[in-house]
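Structure assessment
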Amino acid sequence: MQTQSRWRLAAGSSAWRRFDDEAVVYHDATGSTHHLGPLGSALLAALVHHRTGVDVETLLHDLHDESTNGADAALAVEIERTLRELARLDLATPEAQ
Amino acid sequence: MIVADLRPDELRRRLARAGLRLRIGPVVAEIRSSFRAVEAGVALHYADHEVVDEDQFADFEVAVERPANVRRWIRPQAIFRFENRPPFTPLAANQAFPLLEWGLNWCVSAHCHQYLIVHAAVVERNGRAIVLPAPQGSGKSTLCAALVSRGFRLLSDELALIDIERNCIVPLPRPISLKNQSIATIAAFWPEAPMSAVVHDTVKGSVVHVRPPRASVVASAERALPGWIVLPAYRPSHRRQLTCVSKASVFMQLVDSAFNYSLHGRRGFDALGRLVDASECCRFTYGGDLDDAVQAFNTLTEAA
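Attention in this report is confined to the structure presented alongside it. This is a predicted model, so every value here is computed, not measured. Residue positions are counted from 1 within each chain, in the order its sequence is given. Each chain gets a letter, beginning with A, and each ligand a number, beginning with 1, in the order they are written. Since the coordinates come from a predicted model, pLDDT governs what is reported: local features require at least 70, and pairs of side-chain atoms require 80 or more to be given and counted, while whole-chain, interface and lining totals use all residues. Heavy atoms from the whole structure form the basis of all side-chain values; hydrogens and water molecules are not counted.

Residues and elements named next belong to chain B. Every helix listed is a DSSP run of H or I at least four residues long, and every strand listed is a run of E at least two residues long, numbered separately from the N terminus. Here S279 is to be found in the loop between α8 (261-277) and β17 (280-286). The exposure class of S279 is buried, given its relative accessible area of 3%. Note on definitions: a residue-residue contact is assigned when non-hydrogen atoms from the two residues lie within 4.5 Å. With near-sequence residues (within four places) excluded, S279 lies in contact with P226, G227, W228, I229 and K247. Accessible area is worked out with a 1.4 Å probe on protein chains only. A residue is then buried under 20% of its type maximum, exposed over 50%, and partly exposed in between.

Let us look at the packing of helix α7 (residues 247-257) of chain B against α8 of chain B. Residue and element names in this part refer to chain B. Only C-alpha atoms enter the line fits that serve as axes; for helices the fit covers just the stretch in contact. Angles between N-to-C directions range over 0 to 180 degrees. At a minimum axis distance of 10 Å, the contact between α7 and α8 shows a crossing angle of 145°. Considering how the two elements wind past one another, α7 and α8 form a crossing that is right-handed. Residues K247, F251, L254 and V255 of α7 form the contact with α8, whose own contacting residues are Y261, F269, L272, G273, L275, V276 and D277. Among the residues making up the contact of α7 with α8, the classes are represented as eight nonpolar, one polar and two charged. Left-handed describes a crossing in which the near helix is turned anticlockwise from the far one by less than a right angle; the clockwise case is right-handed. Residues are grouped as follows: nonpolar covers Ala, Val, Leu, Ile, Met, Phe, Trp, Tyr, Cys and Pro; charged covers Asp, Glu, Lys and Arg; every other residue, Gly included, is treated as polar.

A separate point is the pattern of salt bridges. All names here are of chain B. The salt bridge definition used is simple: a Lys or Arg side-chain nitrogen within 4 Å of an Asp or Glu carboxyl oxygen. Following the criterion strictly, the structure yields 24 salt bridges over all chains and no others. Among the salt bridges present, the one from R166 reaches D163, with a minimum N-O distance of 3.1 Å. For the salt bridge of D292 with R240, the shortest nitrogen-to-oxygen distance reads 2.9 Å. A residue pair is termed long-range when its members are at least 10 positions apart, and D292 in helix α9 (residues 290-302) and R240 in the loop between β15 (225-234) and β16 (241-244) qualify at 52 residues. Taking the relative accessible area as the measure of exposure, D292 reaches 26% and is therefore partly exposed. According to the relative accessible area criterion, R240 is partly exposed, its value standing at 33%. Taken together, the shared-partner salt bridges in this structure form one network comprising R21, E30, R32, E65 and R81.

What follows is the structure, encoded as structure tokens:
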């Protein structure tokens, strides 16, 4: 479960707007608009907060609450999957190890 | 001066020769046509619109004309021209007035890029707009006509013009277009509706237009602040249901329904964001009971 991969916001500018626990993002370079669900929205907020990059363990800690108690492994997998999806959208990028 | 002030022969002369210049919301359209159906349609549906002097600037110069070839006489056709160019293929001559309406929709959606334009009906109550974005078959125009018949102000049946800088909706009061089953539905619900004769066998099936209420045309300069974004869904025999929907999903639906979102880039994103932020977002599923539907909107707007 413990993973060392680090992530940060992708280079280039984008605008985003949160609506409750979801978000929409406009990517300047591609002109695309994306709809992020609760986890994607929370991860993007975390990447904005950790401008210099952040590892999955820290993200897991940031997102952890009582509802996830005992489900860290599953949440970590979901965080990794969602980060890869954000990377596919050019919104996040993994840092070289 | 408004169209109703013109004598019939003067209306015909203007349409056939120099062109009739009409102020329609924020735009001026110069219309030329020798079709009697266009003349009758303009006289009925644009009766309350301002006639603009011939020396004033027109945003669009459009014409619905007979072709110069054999189709002038055999299976006659009508051609829509925008600044002397035909952007569409001709249609049967009996569709001359619907062709004008569809052509004007195209003029606005393809050229008025000072606005963010969304495919949606918009009505207003107490200064707040109700935006009804929807794909075909959702009952958008039926609902719009029903609401307008019960006192909601018509801003537009088809095109929501969003002022990007001021975060408000700009009126474009034009005829409401009804298709197929909705024609009989509205005729029964609103027996005195000022409706044109049915035109059959168009690409959209049978169509009629309903004249915008005079009060809506008179208030053309009064913009509306965002109030509600309601996604209508007509489901025959379903009970009426008004439910909250996520603002992010409504935002994406507006992106999909916008004609020129990509043209505006981040400004369009920000404008839609402000619109959605300032609006209550709902999904409205309704069956055939339009009285009940109108009551739901009365309740919705009174609660604000």
